[in-house]
Amino acid sequence: MLTVSGLHTEYVSDKGVVVKAALDVSFEVPEGKLFTLLGPSGCGKTTTLRSIAGLEKPTLGEIKVNGVPVYSSHNKVFTPPNKRGFGMVFQSYAIWPHMTVFANASFPLEVGAKKYSREEIRTKVMRVLESVELAQYHDRDATRLSGGQQQRLALARALVMEPQLLLLDEPLSNLDAKLREKMRFELKKIQRELNITTIYVTHDQSEALALSHEIAVMRNGRIMQRGTPRQIYETPTSEFVADFVGSINFIRATVRGIDSVSGQMVLDSELGLLQVPANTEFSVGESVQVCIRPEDIVLSDTPPQVDHRNHFLGSVHLKVFLGEVFDFQVQVGEKIILARVHPSQKSPVGAPIYVVLNPASCIVLKAQPQDKS
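A few points on the structure. Every value quoted in this text rests on a predicted model; they were computed, and no experiment measured them.

## With respect to the state of the cysteines
Part 1: In the structure shown here, the tally under the stated rule is zero disulfides.
Part 2: Cys 291 forms no disulfide, and the closest cysteine sulfur to it belongs to Cys 362, at a distance of 9.3 Å.

## Some remarks on the pattern of salt bridges
Should their charged atoms come close, side chains of opposite charge can pair.
Part 1: Summed over all chains, the structure comprises 19 salt bridges.
Part 2: In this structure, the salt-bridge partner of Arg 180 is Asp 204, at a minimum N-O distance of 4.0 Å. Residue Arg 180 is found in helix H6 (residues 177-194), and its partner Asp 204 is found in the loop between strand E9 (198-202) and helix H7 (205-211); the two are separated by 24 residues along the sequence. Asp 204 matches Arg 180 in its accessibility class, with the two residues each being buried.
Part 3: Here Glu 234 and Arg 230 are joined by a salt bridge, their closest N and O atoms 2.7 Å apart. Remark: Arg 230 and Glu 234 occur in helix H8 (residues 229-234); sequence separation between them is four residues, near one turn of the helix.
Part 4: Overall, Glu 234 belongs to the partly exposed group, its relative accessible area being 42%.

## Points about the nonpolar core
Part 1: Core analysis: the largest hydrophobic core is formed by 36 residues, its most contacted members being Val 125, Leu 129, Leu 153 and Leu 155.
Part 2: When residues of this core are traced back to their parent elements, those giving at least two are helix H3 (101-111), helix H4 (118-131), helix H5 (147-159), strand E8 (166-169) and H6.
Part 3: If one sorts the elements of this core by residue count, H5 sits on top with six residues.
Part 4: If you look at the next biggest cluster of nonpolar residues, it comprises 28 residues, including Ala 253, Leu 267, Leu 271 and Val 276.

## Some thoughts on the side chain of Lys 335
Part 1: Within the secondary structure, Lys 335 is located in strand E19 (residues 335-341).
Part 2: The class for Lys 335 is buried, based on a relative accessible area of 17%.
Part 3: In this structure the side chain of Lys 335 is engaged in a polar contact, spanning 2.6 Å, whose partner is the backbone oxygen of Phe 250.
Part 4: If sequence neighbours within four positions are ignored, Lys 335 has contacts with Phe 250, Ile 251, Glu 270, Leu 271 and Val 330.

## Observations regarding H4
Part 1: If you check H4, its first and last C-alpha atoms are 20 Å apart, about what 14 residues at 1.5 Å a residue would give, namely 20 Å.
Part 2: Those residues of H4 not exposed but buried are Ile 121, Lys 124, Val 125, Met 126, Val 128, Leu 129 and Ser 131.
Part 3: Among the structural elements, H3, H5 and H6 are those in contact with the buried residues of H4.
Part 4: Two residues or fewer after H4 comes Glu 133, characterised by a positive phi angle close to 60°.

## Structural notes on the environment of Pro 97
Part 1: Its place among the elements puts Pro 97 in the loop between strand E7 (87-89) and H3.
Part 2: The exposure class of Pro 97 is exposed, given its relative accessible area of 53%.
Part 3: In the structure, Pro 97 is positioned 46 residues away from Thr 143 in sequence and 5.4 Å away in space, judged by C-alpha atoms.

## Side note on the environment of Glu 62
Part 1: By secondary structure assignment, the location of Glu 62 is in strand E4 (residues 60-65).
Part 2: A distance of 3.4 Å separates the side chain of Glu 62 from the side chain of Ser 72, its partner in a polar contact.

## Considering the sheet that holds strand E21 (residues 363-366)
Part 1: Strand order in the open sheet formed by five strands is E14-E13-E12-E15-E21, with antiparallel pairing between adjacent strands. Where the open sheet ends on each side, the last strands, each with one partner, are strand E14 (273-277) and E21. Ignoring which end each strand starts from, the neighbouring axes of this sheet average 45° apart.
Part 2: Of the strand pairs in this sheet, strand E12 (residues 249-259) and strand E15 (residues 287-292) are connected by six bridges, and their pairing is antiparallel. The partner of Phe 250 across the bridge, within E15, is Cys 291.

Parameters and conventions
Residues numbered from 1 in each chain as written. Predicted model: local features only at pLDDT ≥ 70, side-chain atom pairs only at ≥ 80, totals over all residues. Heavy atoms only, no water. Disulfide = S-S within 2.5 Å. Salt bridge = Lys/Arg side-chain N within 4 Å of Asp/Glu carboxyl O. Helix = DSSP H or I, 4+ residues; strand = E, 2+ residues; numbered from the N terminus. Buried < 20%, exposed > 50% of the residue type's maximum accessible area, 1.4 Å probe, protein only. Core = buried A, V, L, I, M, F, W, Y, C linked by side-chain atoms within 4.5 Å. Polar contact = N/O pair within 3.5 Å; in protein donor to acceptor, adjacent residues only side chain to side chain. Contact = heavy atoms within 4.5 Å. Expected span 1.5 Å × (residues − 1). Pairing = 2+ DSSP bridges. Axes fitted to C-alpha atoms, helices over the stretch in contact; angles between N-to-C directions.

Structure representation (structure tokens):
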């Protein structure tokens, strides 16, 4: 449905410096799917979204919707944003305070190029207000809506034109944590029920994992990795992606060799000897990073009965109660390991404790030079 190919976008900052905001960005979004651009501030995700919308003019590349270019540097095509027919919802909802809920939602139909009768407008508006559960508030002043209701009204206003593509730029960031979590479910429900193709921009990895069919993680204007939420979380391909999406432990190690009995790779790590899944990409003597999620670590007060060597004696350094889980910091030698466990784990601070790492849960990546950017 949407195809972005070789997109380059740059602009001049307030200080007169040329900023290369998007560098060779390419991806495809099938019809009816929600595709998320995820990354830290300044990574190029919003610039990419604005380029799709037509609010930024790229310097190179092509953007097609249903096979029709709306931008092409090669063919010198640039369709103005008001001619693209896309719906947009921004971080600030831009609700008109002097209008009712109905008037806010109907405004795009009343000022658009296509003319509708009053009955057609009412039918379209009420249908979309029902979809976002605001129909009962149609005659209420927009300023009397809660934050979550205003967010849904902004969404309704974008949907009423029946756009072929919906663009969402951090639409939940102004909500408090509990309402934001609730709105994730509502937004996902609306998007799936209406089957509307959506591009979603966020820096919130939990939001991206909860909402998306596919995620592109961006850094410094480039896409670092694309995949389903599960692929991005469980099999990151770089230290940056592993660290940005969720909490993770990094353990420095060196490849010692292959264990012919277990068919696994043996590493000399800062914890001690580690067994991990065999991987032909790595050679003996190579420096690597072992990554493991806190929830994949098992803690034991007694020596564990396991058929691998990935268990180490440490001591409880710190622990934090989070309700449904306990976060334990365990010190093994000079290394602090984060484990996320059930609250039934009662070991006190300072107590000895065993850290158990399942070899299958260990992700091995090529060691990268330290990069603070």
